[in-house]
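# Breakdown of the fold
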Amino acid sequence: MAQENVKLLGVLGSPFVCRVQIALKLKGVEYEFVAQDLQNKSEELLKYNPIHKKVPVLVHNEKPINESLVIVEYIDEAWKGKSILPTDPYQRALARFWAKFIDDKVFGAAWKSIFTIDENEREKNVKEAQKAFQFLEDELKGKFFGGEKFGFVDIAAVYITFWIPMLQEIAGLELLTNEKFPKLCKWNQEFLSEPTIKESLPPRDPIFAFFKGLYEKIRASAK
Amino acid sequence: MAEEDVKLLGVLGSPFVCRVQIALKLKGVEYQFVPQDLQNKSEELLKYNPIHKKVPVLVHNEKPINESLIIVEYIDEAWKGKSILPADPYQRALARFWAKFIDDKVFIAAWKSVFTVDKNEREKNVEEVHEAFQILEDELKGKFFGGEEFGFVDIAAVNIAFWVPLIQEVAGLQLLTNEKFPKLYKWSQEFMNQPTIKECLPPRDPIFGFFKSRYENLLASAN
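Residues numbered from 1 in each chain as written. Chains lettered and ligands numbered in written order. Predicted model: local features only at pLDDT ≥ 70, side-chain atom pairs only at ≥ 80, totals over all residues. Heavy atoms only, no water.

## Comments concerning the UniProt feature "domain: GST N-terminal" (unreviewed entry) in chain A
Filter applied, for reference: UniProt positions are given in the numbering used here, feature names are shortened, and annotations may be inferred rather than shown by experiment. Where helices and strands are cited, they refer to DSSP runs of H or I of at least four residues and of E of at least two residues respectively, numbered from the N terminus.
As recorded in UniProt, the sites labelled "domain: GST N-terminal" (unreviewed entry) are residues 4-83 of chain A. For residues 4-83 of chain A, helix accounts for 36% and strand for 21%, while the C-alpha atoms at its two ends are 20 Å apart.

## Focus: the sheet that holds strand β1 (residues 6-10) of chain A
Residues and elements named next belong to chain A. Applied cut-off: Pairing between two strands requires that DSSP report at least two bridges joining them. Interaxial angles span 0 to 180 degrees and are taken between N-to-C directions of axes, which are lines fitted to C-alpha atoms, for helices over the stretch in contact. Whether two residues are in contact is decided by their heavy atoms, any of which lying within 4.5 Å being enough.
Overall, mixed pairing links the 4 strands, which are arranged β2-β1-β3-β4 in an open sheet. Each edge of the sheet is formed by a strand with only one pairing partner; in this case those strands are β2 (32-35) and β4 (63-66). Strand-to-strand twist of the sheet, defined as the mean angle between neighbouring strand axes without regard to direction, takes the value 25°. With 4 bridges joining them, β1 and β2 adopt parallel strand pairing. Residue pairing in the sheet places glycine 10 in a bridge with alanine 35 of β2. Against the sheet, helix α1 (residues 15-26) makes contact with β1, β2 and β3 (57-60), and its axis sits at roughly 155° relative to β1, the strand it touches most. Along the sheet, helix α3 (residues 68-78) contacts β3 and β4; its crossing angle with β4, the most-contacted strand, is approximately 125°.

## Observations regarding the interface of chain A and chain B
Note the following rule: In this description, buried area is defined as the sum, over both parts, of the accessible area (probe of 1.4 Å) that is lost when the two are combined. Only one rule defines a salt bridge in this text: a Lys or Arg side-chain nitrogen within 4 Å of an Asp or Glu carboxyl oxygen. In this count, Pro and Cys sit with the nonpolar residues alongside Ala, Val, Leu, Ile, Met, Phe, Trp and Tyr, while Asp, Glu, Lys and Arg are called charged and the others, Gly among them, polar.
At the interface, 23 residues of chain A touch 23 residues of chain B. Counting each side, the surface lost to burial between chain A and chain B is near 2,300 Å², with a carbon and sulfur contribution of 71%. Joining chain A to chain B, the criterion identifies 8 salt bridges. In this structure, the salt-bridge partner of glutamate 77 of chain A is arginine 96 of chain B, at a minimum N-O distance of 3.1 Å. Counting residues per element, the ones that place at least two in the side of chain A that touches chain B are β4, α3 and α4 (89-115) of chain A. Residue composition of the side of chain A that touches chain B, by class: 13 nonpolar, 2 polar and 8 charged.

## Section: the UniProt feature "domain: GST N-terminal" (unreviewed entry) in chain B
With numbering aligned to this structure, UniProt lists the feature "domain: GST N-terminal" (unreviewed entry) at residues 4-83 of chain B. Across residues 4-83 of chain B, the secondary structure splits into 36% helix and 21% strand, with the terminal C-alpha atoms separated by 20 Å.

## Re helix α1 (residues 15-26) of chain B
Residues and elements named next belong to chain B. Applied cut-off: Helix span is expected to be 1.5 Å times the residue number reduced by one. Burial classes: relative accessible area under 20% of the type maximum marks a residue as buried, over 50% as exposed, and values in between as partly exposed (1.4 Å probe, protein chains only).
If you check α1, its first and last C-alpha atoms are 16 Å apart, about what 12 residues at 1.5 Å a residue would give, namely 16 Å. Listing the buried residues of α1 in full gives Pro15, Val17, Cys18, Arg19, Val20, Gln21, Ile22, Ala23, Leu24 and Leu26. Phi turns positive, to about 65°, at glycine 28, one or two residues after α1.

## Focus on the UniProt feature "domain: GST C-terminal" (unreviewed entry) in chain A
UniProt's entry tags residues 88-210 of chain A with the feature "domain: GST C-terminal" (unreviewed entry), counted in the numbering of this structure. The span residues 88-210 of chain A carries 75% helix and 0% strand; its end-to-end C-alpha distance comes to 41 Å.

## As for the pattern of salt bridges
Counted according to the given criterion, the structure contains 29 salt bridges over all chains. Close ionic contact of lysine 100 of chain A with aspartate 104 of chain A constitutes a salt bridge, the shortest N to O distance being 2.8 Å. One end of the pair is lysine 100 of chain A and the other is aspartate 104 of chain A, both in helix α4 and 4 residues apart, which spans about a single turn. On the accessibility criterion, aspartate 104 of chain A (45% relative accessible area) is partly exposed. Taking the shortest distance from any N to any O, the salt bridge between lysine 124 of chain B and glutamate 121 of chain B comes out at 4.0 Å. With a gap of 3 residues between them, lysine 124 of chain B and glutamate 121 of chain B both fall in helix α6 (residues 119-139), about one helical turn apart. Each of Glu73, Glu77, Arg92 and Arg96 of chain A together with Glu73, Glu77, Arg92 and Arg96 of chain B takes part in salt bridges that share partners, so that together they form one network.

## Quick look at the nonpolar core
Stated precisely, the cut-off is as follows: Definition of nonpolar core: a set of buried residues of the types Ala, Val, Leu, Ile, Met, Phe, Trp, Tyr and Cys, connected through side-chain atoms within 4.5 Å.
In terms of nonpolar packing, the biggest core is built from 163 residues, with Leu58 of chain A together with Phe133 of chain B touching the most fellow members. In terms of residue count, the dominant contributor to this core is α4 of chain A (14 residues). In contact with phenylalanine 133 of chain B, not counting residues within four places along its chain, are Val106, Ile160, Val164, Leu175, Leu176, Phe181 and Leu184 of chain B.

## Quick notes on the sheet that holds strand β4 (residues 63-66) of chain B
All names here are of chain B. Ordered in space as β2-β1-β3-β4, the 4 strands form an open sheet in which the pairing is mixed. Lying at the two open borders of the sheet, with one neighbouring strand each, are β2 (32-35) and β4. Averaged over all neighbouring strand pairs, the angle between strand axes comes to 25°, with direction disregarded. Relative to β2, strand β1 (residues 6-10) is paired through 4 bridges, and the arrangement is parallel. Residue leucine 9 lies in a different strand from β2, and its bridge partner there is valine 34. Packing of helix α3 (residues 68-78) onto the sheet brings it into contact with β3 (57-60) and β4, and relative to β4 it is tilted by some 125°.

Set out below in structure tokens:
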């Protein structure tokens, strides 16, 4: 490919950034990871994402793209190689539906299950997260959401693979268990074993320590 | 086209359903509109959208697709004819970004600006809507968000053109005005004048009546 300048503005430990890293790795795209400090946002971040001021931001030949799933679709369309979304329009619509489902129904509820002090709020969110997991459990027909090979929905669901087991361990919660969601847990293991995924995940210990610190801080401030 | 069976489960007066109707009309797709009673959901709706139980649902040869923007992308990919999304990957990413922005930042805030009793809540939401409109105002470079012809983002923004003026009148609010947002206002007039759009919009009076009584009920129940 001719002069390609690809930068990814992100933070280590963000599942949204990780989605993009997986997509770039799958396509064999070389890029520069530009680590951000979200407590002290860089001029570069504010320039490339003035509206939301968030990561990830992919900058391709000076052109910024925001929102992790929008970026993943862009990567699929801009570079040849392994397909991330299916080719059939109906399968594509289903993939987009499930990725949106994960964004809307899993993230918020899972986060609030862990980082909420109020018992009732927490219980309500645990129920919501588990309801979402049940839908995903019922949806999983093969090895991956994408079929024999992982695809768009699996990448969207990376949060469930790496972050949720970690967060639930920190909070001593049982959100995703083998008893309740055997297919989803099996998918977890399979997905985590994929070389592309393994190489795109952040190191466990520092991320665990970060969330543990956050969890303890929140509980301390509630007293 | 061979045997095509296309059904749209919807309600008159939903901007989300309207998006899909515009896309179907643009592609010249013949379909059956199956009106739904959302207070008393049909078996058909629950069968085709068991997870969210919402409209619109497009059913194409017995295969259901949910979520209005996903349906619009599906329509663009499944049928030839006028393109809804641009061809260039970067332009497509921008279109998806802006459609998502409208979904996330305009709909709920606009609704809550009108249908909230608490004055502070209302003011906060009016401010949010104004902020979102300013961002769209700055983004609008040509006649439409899609350029010389309307496209994905314009279709996504149909609620701003038709519904916002209605609900702001119901509540005596100034959300979208020519003084504050001249480009956006002009866009709304141009857009609603397009024959394809005009033919897809619901009749104004019954929808106005519906929102007006809803608003009055809300105020009455708060007193």
